Amino acid sequence: DSTKRSSGFGNSIFVIAKRGSTQDAPTSCNWSWQKNVALNKKITDWSGQRVWVIGASAGIGAAFAALLLERGARVAVSARSLPSLRSLVQKYQPERARAITLDVRDANQMKTASDALIETWGGYDLVVYCAGTYVPQRAWDFQLDTVRELFAVNVEGVYTCLSVVIPQLRKQGT
């Protein structure tokens with residue numbers, strides 16, 4: 001068994017891998033650096049893959065969702081703005097593309113969206129979190145409410161997502 005943690009440095013990915021049994025005493029752990037170790041198997045055939053892209057109304061999320069749909073994946077796209085999601089999914093068959101309104105700041109909405117995908121598709125194979133927001137501020141124009149909003153979407157939203165999808169992915173054995 002090995003425990004892995006990764007950290008990016010420049011263009012390389014480094015992984016810390018624990019060697020030996022998980023029953024080893026903490027003092028006997030042998031941690032080592034391994035360069036460019038793949039953490040997941042590369043997906044070469046996207047047909048039939050069930051992918052949930054959160055934050056897909058524009059930018060990288062929308063482009064990624066469109067690319068996955070072109071490659072044959074079933075894609076659910078989520079964001080606060082349903083009209084922009086609809087314009088993406090209307091180009092594809094309803095059983096392959098689905099739009100779900102979601103505000104990542106709301107844990108109940110996250111759970112409801114996940115449950116809807118589980119009911120419709122039997123689960124999901126991959127969840128990609130692209131939701132994010134940015135509001136530039138000068139020190140002399142600092143607004144604490146703006147920072148709280150940024151933190152709610154860019155940090156808390158990630159953990160809200162993880163709290164919902166990790167148990168489902170583990171249950172599926174994904």
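Everything below is about the structure shown above.
Conventions adopted
Residues numbered from 1 in each chain as written. Predicted model: local features only at pLDDT ≥ 70, side-chain atom pairs only at ≥ 80, totals over all residues. Heavy atoms only, no water. Helix = DSSP H or I, 4+ residues; strand = E, 2+ residues; numbered from the N terminus. Buried < 20%, exposed > 50% of the residue type's maximum accessible area, 1.4 Å probe, protein only. Contact = heavy atoms within 4.5 Å. Areas by Shrake-Rupley, 256 points an atom, 1.4 Å probe, with all protein chains shown as cover. Phe/Tyr/Trp six-rings, centres within 6.5 Å; stacked < 30°, edge-to-face > 60°. Expected span 1.5 Å × (residues − 1). Arc of directions from axis to C-beta. Polar contact = N/O pair within 3.5 Å; in protein donor to acceptor, adjacent residues only side chain to side chain. Axes fitted to C-alpha atoms, helices over the stretch in contact; angles between N-to-C directions. Left-handed = near helix turned anticlockwise from the far one by under 90°. Patch = residues over 30% accessible without salt bridge, like charges linked within 9 Å, V, L, I, M, F, W, Y side chains within 5 Å. Salt bridge = Lys/Arg side-chain N within 4 Å of Asp/Glu carboxyl O.

A. Region of the structure containing the overall build of the protein chain. When helices and strands are counted, the protein chain shows 4 helices and 7 strands. Starting at the N terminus and ending at the C terminus, the protein chain contains elements arranged as β-β-β-β-α-β-α-β-α-β-α. Here the protein chain, with 174 residues, has 31% of them falling under the buried criterion. Contacts in the protein chain between residues far apart in sequence, at least 24 positions, make up 49% of those at least 6 positions apart. For the protein chain, the accessible area works out to roughly 11,100 Å², and carbon and sulfur atoms hold 52% of it.

B. Just the side chain of Thr 160, in detail. Considering the arrangement of structural elements, one finds Thr 160 in helix H4 (residues 144–172). Classification of Thr 160 by relative accessible area gives buried; the value is 16%.

C. Structural detail: the packing of aromatic side chains. Counted according to the given criterion, the structure contains 1 aromatic pair. Judged by centre distance (5.5 Å) and plane angle (50°), the rings of Trp 52 and Tyr 124 are tilted. Within this pair, whereas Trp 52 is found in strand S4 (residues 50–54), its partner Tyr 124 is found in the loop between helix H3 (107–121) and strand S7 (126–129), the two being separated by 72 residues in sequence. You can call Tyr 124 buried: its relative accessible area is 0%.

D. Inspection of H3 at higher detail. The end-to-end C-alpha distance of H3, which contains 15 residues, comes to 21 Å, matching closely the 21 Å that a straight helix rising 1.5 Å per residue would cover. Among all positions of H3, only Met 110, Ala 113, Ser 114, Leu 117 and Trp 121 are buried. Buried residues of H3 fall within an arc of 95° about the axis and therefore sit on the same side. Seen from the open side of H3, the exposed residues pointing more than 90 degrees away from its buried face are Asn 108, Thr 112 and Glu 119. The opening residue of H3 is Asp 106, an N-cap whose side-chain oxygen sits 2.9 Å from the backbone nitrogen of Asn 108. Positive backbone phi, approximately 80°, marks Gly 122, located one or two places after H3.

E. Geometry of the packing of H3 against H4. Two elements in contact, H3 and H4, have axes whose closest approach is 10 Å; the angle formed by their N-to-C orientations is 35°. H3 and H4 meet at a crossing whose hand is right-handed. Each of Ala 107, Met 110, Lys 111, Ser 114 and Ile 118 in H3 lies in contact with H4, whose residues at this interface are Gly 157, Thr 160, Cys 161, Val 164 and Gln 168.

F. Spatial organisation of the environment of Val 51. Position of Val 51 among the secondary structure elements: in strand S4. Along the primary structure Val 51 and Gly 123 are separated by 72 residues, whereas in three dimensions their C-alpha atoms are 9.3 Å apart. Leaving out residues up to four positions away in the same chain, Val 51 has contacts with Trp 46, Leu 68, Ala 73, Arg 74, Val 75, Ala 76, Trp 121, Leu 126 and Val 128.

G. Broad picture of a nonpolar patch on the surface. A cluster of nonpolar side chains, namely Phe 142, Leu 144 and Val 147, defines an oily patch on the protein surface of about 250 Å² accessible area. Residue placement: Leu 144 occurs in helix H4. A residue is classified by how much of its surface remains accessible, and Leu 144, at 40% relative accessible area, is partly exposed.

H. Spatial organisation of the pattern of salt bridges. Here the structure, examined in full by the defined rule, presents 6 salt bridges. Here Asp 125 makes a salt bridge to Arg 50, at a shortest N to O gap of 2.8 Å. Remark: Arg 50 occurs in strand S4 and Asp 125 occurs in the loop between H3 and S7; sequence separation between them is 75 residues. By relative accessible area, Asp 125 is classed as partly exposed at 24%. A relative accessible area of 13% means that Arg 50 is categorised as buried. The closest approach of N and O atoms between Arg 105 and Glu 149, which form a salt bridge, is 2.7 Å. Residue Arg 105 is found in the loop between strand S6 (97–101) and H3, and its partner Glu 149 is found in helix H4; the two are separated by 44 residues along the sequence. Residue class for Arg 105 comes out partly exposed when judged on its relative accessible area of 37%.

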